[in-house]
Amino acid sequence: MDAKITKKRLGHLLSYDWIKMILAVVLAIVVWSLVFTTSATRITNTQRFVVCNYLNTRFAYSATAYDGYSLEIIEAEVVDQMRGGEQTFYDIFNGNMEIGEGDVMMVADTPMSRTEKKDAQGNPVLDGEGKPTYEYGESYYANMLTRMHYRLSRMDDDGASEGYFSQMKSYLGRFYEIENAQAATYEGITYATFKEDTLNVERIESEFRARIKANKDKRYKTEAQIAAAVPQEIERIQSYLAAYKQFFAYVANGDIQFVFTEQQLSDTVTLRGVYGINICPDETKLSGLKESVYYVDFDGKTTAQNMMATFLNLEKLDKNYQYENLIYLNALIADAKA
């Protein structure tokens, strides 16, 4: 059989089989793309620190997620759930909650609506200065609690389990000796002090190695890689204690406040507890906050007064790293005070 390749035979081959060749090349590219995609290490919800917002709360152009987080946080981002306006907010918001995206959520404790008061004759009811008076609807914060309180970290204890700050106190207590377990109390939340020279670096390394093994973390394949990361893990614990102390210093100074809520959810269910932190109870103290996060009041004024910070407790978030929240809030408050 004459199997010699000639220009004529090659031309016939290309004229009849060129489509098959192109499909084969495309298929090969798709297969290799799938191989690389499925084998690559993906960033987890814990490794992506996200600050987001609720209805009517806006981020300014200067808003940032800051830095200074632990080694575990690979990305930090401000996600504006109001970027499409009120019409698309709930679609974006619900989608992000379902995929577990979010660590700190900002929401204004300001009324969603107001109605001018009128007397029996339909005339406006005026105050002592001759200005109209109003009746106000529920706040955005109250609305958010009704919708999604079960997705938030309760900050105080509920009698059966520890709240966020008691969990943090217990977590730090695994690595430091507690000096005073009840140094101060704010809205039922107890602040503790620790002996900083008692840091148990052996326990930090042991737990770090155990977590790497349990999570099958591909970033640490060799002993050299693990050993190089241990000092940064030690710094993580130290940064949590520093953030804890700084945060409660802001509380003690009145810059921020824990807010206890007692809210009727239904005829038989009442929500009680601390679910939010008022990071702007007095805007004269944090005048720069509205340059990061704000809302527009009924008089058209841009303000951050009574802006609430809440901590999301979503699926697939590793609680060992939930205290990165305070690193963010401390940076935000320091920036607003500058």
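Up top you'll find the structure we're talking about.
Okay, so let's go over this structure. As the structure is a computational prediction, the values presented were derived from the model and not from experiment. All residue numbers here refer to positions counted from 1 along the written sequence of the relevant chain. With pLDDT at 70 or above as the cut-off, local features in this predicted model cover only qualifying residues; side-chain atom pairs require 80 or more to be listed or tallied, and sums for whole chains, interfaces and linings still use all residues. To obtain the side-chain values, all non-hydrogen atoms of the structure were included, while hydrogens and water were left out.

1. Comments concerning the sheet that holds strand 9 (residues 257–264)
Spatial ordering of the open sheet is given by 3-1-4-13-10-9, a layout of six strands whose pairing is mixed. Every interior strand has two partners, whereas the edge strands, strand 3 (75–79) and strand 9, have only one. Adjacent strand axes in the sheet meet at a mean angle of 30°, parallel and antiparallel pairs treated alike. Think of it this way: DSSP has to see at least two bridges between two strands before they count as a pair. A run of DSSP states H or I qualifies as a helix once it reaches four residues; a run of E qualifies as a strand once it reaches two. Both are numbered from the N-terminal end. As judged from the eight bridges shared by strand 9 and strand 10 (residues 270–278), these two strands associate in the antiparallel manner. Paired with Phe260 across the strands is Val274, a residue of strand 10. Any two residues whose heavy atoms approach within 4.5 Å at even a single point are treated as in contact. Axis definition: a line fitted to C-alpha atoms, over the contacting stretch in the case of helices. Angles run 0 to 180 degrees between N-to-C directions. Helix 7 (residues 324–337) contacts strand 1 (48–53), strand 4 (104–108), strand 10 and strand 13 (307–311) of the sheet and is inclined by roughly 50° relative to strand 4.

2. Overview of the pattern of salt bridges
A carboxyl oxygen of Asp or Glu within 4 Å of a side-chain nitrogen of Lys or Arg is what we treat as a salt bridge. Throughout the structure, instances matching the rule amount to 18 salt bridges. In this structure, Arg151 engages Glu98 in a salt bridge whose closest nitrogen and oxygen atoms are separated by 2.8 Å. One end of the pair, Arg151, is in the loop between helix 3 (140–148) and helix 4 (164–173); the other, Glu98, is in helix 2 (residues 86–98), with 53 residues separating them in the sequence. Only protein chains enter the accessibility calculation, which uses a 1.4 Å probe. A residue is then buried if its area is under 20% of the maximum for its type, exposed if over 50%, and partly exposed in between. When its relative accessible area of 18% is taken as the criterion, Arg151 is described as buried. With a relative accessible area of 59%, Glu98 lands in the exposed category. One salt bridge connects Glu262 with Arg272, and the closest N-O pair in it is separated by 3.2 Å. Of this pair, Glu262 sits in strand 9 while Arg272 sits in strand 10; the two residues are ten residues apart in sequence, bridging distant segments of the chain.

3. Structural notes on the packing of helix 6 (residues 223–253) against helix 7
The axes of two packed helices give the description: the angle between them and the distance between them. The contact between helix 6 and helix 7 brings their axes to 9 Å, and the two run at 50°. Considering their axes alone, helix 6 and helix 7 lie oblique with respect to each other. In the crossing of helix 6 with helix 7, the sense of the turn from one axis to the other is left-handed. Contacts between helix 6 and helix 7 involve Arg236, Ser239, Tyr240, Ala243, Tyr244, Gln246, Phe247, Tyr250 and Asn253 on the former and, on the latter, Glu324, Leu326, Ile327, Leu329, Asn330, Ile333, Ala334 and Lys337. In terms of residue class, the contact of helix 6 with helix 7 is built from ten nonpolar, four polar and three charged. Angles below 35 degrees are treated as roughly parallel, those above 145 as roughly antiparallel, those between 65 and 115 as roughly perpendicular, and all remaining angles as oblique. Here is the rule for handedness: rotate from the far helix to the near one, and if that takes an anticlockwise turn smaller than a right angle the crossing is left-handed, while a clockwise turn gives right-handed. When residue character is reported, Ala, Val, Leu, Ile, Met, Phe, Trp, Tyr, Cys and Pro are called nonpolar, Asp, Glu, Lys and Arg charged, and the others, Gly included, polar.

4. Structural notes on the side chain of Arg151
In this structure the side chain of Arg151 is engaged in a polar contact, spanning 3.5 Å, whose partner is the backbone oxygen of Met97. At a separation of 2.8 Å, a polar atom in the side chain of Arg151 contacts the side chain of Glu98. Ignoring anything within four residues of it in the chain, the contact list for Arg151 reads Met97, Glu98, Phe311, Leu312, Asn313 and Leu314. Polar contact criterion, stated in full: a pair of N or O atoms within 3.5 Å, where within protein one must be able to donate a hydrogen and the other to accept it, and residues adjacent in sequence count only if both atoms are side-chain atoms.

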